[in-house]
Amino acid sequence: MQLLAPGVPDVYQGTELWDRSLVDPDNRRRVDWFARAAALDAVTKGARPEIDETGAAKLMVVTAALRLRRRAPERFDEYTPLEVTGPAAEHAIAFDRGGVVLVGTRLPIGLAEGGGWFDTRVHLPEGEW
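A. Region of the structure containing the overall build of the protein chain. A tally of helices and strands in the protein chain yields three helices and five strands. Along its sequence from the N terminus, the protein chain presents helices and strands in the succession α-α-β-β-β-β-α-β. Along the three orthogonal principal directions, the C-alpha set of the protein chain runs to about 45 × 40 × 30 Å. Counting all 129 residues of the protein chain, 29% fall into the buried class. Considering only residue pairs separated by 6 or more positions, the protein chain has 48% of its internal contacts joining residues 24 or more positions apart. On the protein chain, roughly 9100 Å² of surface is accessible, and the fraction owed to carbon and sulfur atoms is 55%. Computed over 16 positive and 20 negative side-chain charges, the separation of the two mean positions in the protein chain equals 7 Å.

B. Geometry of helix α1 (residues 33-44). For α1, built from 12 residues, the straight-helix expectation of 16 Å at 1.5 Å per residue is met to within 8% by its first-to-last C-alpha distance of 16 Å. When we look at burial in α1, the residues that qualify are R36, A39 and V43. Viewed along the axis of α1, the buried residues span an arc of 70°, placing them on a single side of the element. Those residues of α1 hidden inside the fold are in contact with α2 (56-71). Backbone nitrogen of F34 and a side-chain oxygen of the N-cap are separated by 3.3 Å at the start of α1; the cap is D32. In the stretch just after α1, G46 is the one whose phi turns positive, near 105°.

C. Quick peek at the sheet that holds strand β3 (residues 92-96). Strand order across the open sheet formed by three strands is β1-β3-β4, with antiparallel pairing between neighbours. Only two strands of the sheet have a single partner each, and these edge strands are β1 (80-81) and β4 (101-105). Pairing of β1 with β3, which is carried by two bridges, proceeds in the antiparallel orientation. Note on β3: the bridge partner recorded for P81 is F95.

Conventions we followed
Residues numbered from 1 in each chain as written. Predicted model: local features only at pLDDT ≥ 70, side-chain atom pairs only at ≥ 80, totals over all residues. Heavy atoms only, no water. Helix = DSSP H or I, 4+ residues; strand = E, 2+ residues; numbered from the N terminus. Buried < 20%, exposed > 50% of the residue type's maximum accessible area, 1.4 Å probe, protein only. Contact = heavy atoms within 4.5 Å. Areas by Shrake-Rupley, 256 points an atom, 1.4 Å probe, with all protein chains shown as cover. Lys, Arg positive; Asp, Glu negative; His and termini not counted. Charge placed at Lys NZ, Arg CZ, Asp CG, Glu CD. Expected span 1.5 Å × (residues − 1). Arc of directions from axis to C-beta. Polar contact = N/O pair within 3.5 Å; in protein donor to acceptor, adjacent residues only side chain to side chain. Pairing = 2+ DSSP bridges.

Right under this line is the structure:
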């Protein structure tokens with residue numbers, strides 16, 4: 001969501017895969033560029049990695065988001081919050097960037113403890129989605 005929100009997308013060098021730092025990563029640390037290059041090559045060729053310890057799934061999302069911003073910048077010139085209603089509405093954040101709608105989960109542990117989304121709805125703008 002951060003990559004498609006208003007502003008300049010920011011990914012620390014070396015955090016294209018999972019990073020379990022509790023603070024901002026230190027850009028002086030070693031980065032395994034070969035692992036990142038191999039994962040990027042696989043994703044570029046259509047791989048859909050599992051969500052596992054490699055972090056390749058994160059790289060796939062980062063790559064797709066940044067390529068979308070580059071390919072269609074006109075779809076990111078607005079910011080309109082979207083209404084979410086229903087029993088789990090407090091667990092969602094949703095907005096339209098001008099043709100790209102983002103929906104994210106807030107407070108996922110509480111959502112799971114409450115049993116899930118049930119009839120929660122995101123109210124989209126007119127158009128085809």
